[in-house]
Structure formats: C-alpha cells, structure tokens
Amino acid sequence: MLKVGDSAPVFTATSTKGTIDLTAHIGKENIVLVFYPGDDTPICTKQLCAVQEHYTTIERANTVVFGVNPGGMNKKRSFADKFRYEFPLIVDEDESIRKAYDVGKVLGLFFQQRIVYIIGKTGNIIYAKKGNPPVSELLQVIESQA
C-alpha cells in the first residue's frame, strides 16, 4: 500500500464514462480512487452507493471519484447503470493500476484488496486507508484541502 506523501502513479484507462487520463486531473482537483474487489457484490455495492449518495458534495469540493478493479467493461456498465453511479468505474484488466498503487490481493489471490486513496492537487497521496472508510471521513480530508 502506498503511503501519505507518496507521489501518485499516473495512468490512462478505459472506464464506464470513456477514457480517463489521470494527468488531466492532477493540479486541478483532488482525486478519490476507490479500489474495490468486485462489481455488483454486496459490500462493494454498499461502498460505492455511499459514495454516490454524497457525490454532489464531493464534486462541490473540487474532487473527482474513480472506482477501480480488474473486472470487464460489460459487468462494470451493468453495475454502474443499475445503481446510477455518476462517477466512472475504471477497467484494470491487466491489473497495472492495482500494481502501481500497491494494492494487494486477498482470498487466495482472486480479489484485490479494498483500499481508498485520495490524491491532492499536487499529485501526492493525502489519504490512504484499507477497508471501507465512511464517506464522512473522506469528505473531512477533501474539505481540509480547500
């Protein structure tokens, strides 16, 4: 797992909202990367729905959100449409993003860990936590950057 203060690895990837180039966001806004194990699974759904509930507040705080896992585009589109996620879900089929962010695997190496990173406008990580932190905690970090 990367640490607070580390430089965030940049990437370009396909998502449910088109191509995402992280460099286009650095220097302009904060970035929340939610690494989650699986599309349309109970805990992942709960986690991403919580982000969606607060998405307008997150956007107002000059922040973008990207969900990341190795699942394919068809499953991601279905998942995003089902729950009306306004933020992109990124396809990381070759797991290069997971590896760049030092996100490990669990359950016999089948699923990636659940980790949330917040990247500040400078391009450095300002928050890194395993698990499913409450969105209120993420908002505190984001709002402290204003």
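Just so it is clear, the structure is predicted and the values come from calculations on it, not from any experiment.

Conventions we followed
Residues numbered from 1 in each chain as written. Predicted model: local features only at pLDDT ≥ 70, side-chain atom pairs only at ≥ 80, totals over all residues. Heavy atoms only, no water. Phe/Tyr/Trp six-rings, centres within 6.5 Å; stacked < 30°, edge-to-face > 60°. Buried < 20%, exposed > 50% of the residue type's maximum accessible area, 1.4 Å probe, protein only. Helix = DSSP H or I, 4+ residues; strand = E, 2+ residues; numbered from the N terminus. Pairing = 2+ DSSP bridges. Contact = heavy atoms within 4.5 Å. Core = buried A, V, L, I, M, F, W, Y, C linked by side-chain atoms within 4.5 Å. Arc of directions from axis to C-beta. Patch = residues over 30% accessible without salt bridge, like charges linked within 9 Å, V, L, I, M, F, W, Y side chains within 5 Å. Areas by Shrake-Rupley, 256 points an atom, 1.4 Å probe, with all protein chains shown as cover. Salt bridge = Lys/Arg side-chain N within 4 Å of Asp/Glu carboxyl O.

K.L.:
Tell me what's going on with the packing of aromatic side chains, and back it up with residues and numbers.
P.N.:
According to the stated counting rule, one finds ten aromatic pairs in the structure shown. By way of ring pairs, the aromatic residues Tyr36, Tyr55, Phe79, Phe83, Tyr85 and Phe87 are connected into one cluster.

K.L.:
Describe the pairing of strand β3 (residues 30-35), with residues and values.
P.N.:
Where burial is concerned, most of β3 is hidden: six out of the six residues are buried. Burial along β3 is two-sided: the residues Asn30, Val32 and Val34 and Ile31, Leu33 and Phe35 are all buried. Taken together, the six bridges between β3 and strand β4 (residues 63-69) define a ladder with parallel strand orientation. Paired with Val32 across the two strands is Val65, which belongs to β4. Where β3 meets strand β8 (residues 115-119), five bridges bridge the pair, whose relative direction is antiparallel. Looking at the pairing, Val34 lines up with Val116 of β8.

K.L.:
Let's hear about the environment of Leu33: which residues, and what values?
P.N.:
Relative to the assigned elements, Leu33 resides in strand β3. Leu33 sits 68 residues away from Tyr101 along the chain, and the two C-alpha atoms are 9.9 Å apart. The contacts of Leu33, once residues within four sequence positions are left out, are Phe11, Phe66, Val68, Tyr101, Ile115, Val116, Tyr117 and Ile119.

K.L.:
I'd like a rundown of the nonpolar core, residues and numbers included.
P.N.:
Soluble globular proteins tend to bury their nonpolar side chains together. Leu48, Val65, Phe87 and Leu89 are the most contacted members of the largest nonpolar core, which has 23 residues in total. Only β3, α1 (42-53), α2 (55-60), α3 (73-83), β8 and α5 (135-144) provide two or more residues apiece to this core. Among the elements that make up this core, the one with the highest residue count is α5 (five residues). Once residues within four sequence positions are removed from consideration, Leu48 is found in contact with Val34, Tyr36, Phe79, Tyr85, Phe87 and Leu89.

K.L.:
How would you summarise α5 if you had to cite specific residues and measurements?
P.N.:
Residues three or four positions apart in an α-helix share a direction because the helix packs 3.6 residues into each turn. Of all the residues in α5, the buried ones are Val135, Leu138, Leu139, Val141 and Ile142. Buried residues of α5, viewed axially, fall in a sector of 160 degrees; they line one side. Exposed side chains of α5 directed beyond 90 degrees from the buried face belong to Gln140 and Ser144. Those residues of α5 that are buried are in contact with β3, α1, α2, β4, β8 and β9 (125-130).

K.L.:
Could you give an account of the pairing of strand β2 (residues 18-21), naming the residues involved and the relevant values?
P.N.:
The pairing of strand β1 (residues 12-15) with β2 spans four bridges and is antiparallel. Paired with Ser15 across the two strands is Gly18, which belongs to β2. The hairpin formed by β1 and β2 contains two residues between the paired strands.

K.L.:
So, a nonpolar patch on the surface: which residues are in play, and what are the values?
P.N.:
A cluster of nonpolar residues, Val106, Phe110 and Phe111, forms a patch on the protein surface that exposes about 310 Å² of accessible area. If you trace the backbone, Phe111 turns up in strand β7 (residues 111-112).

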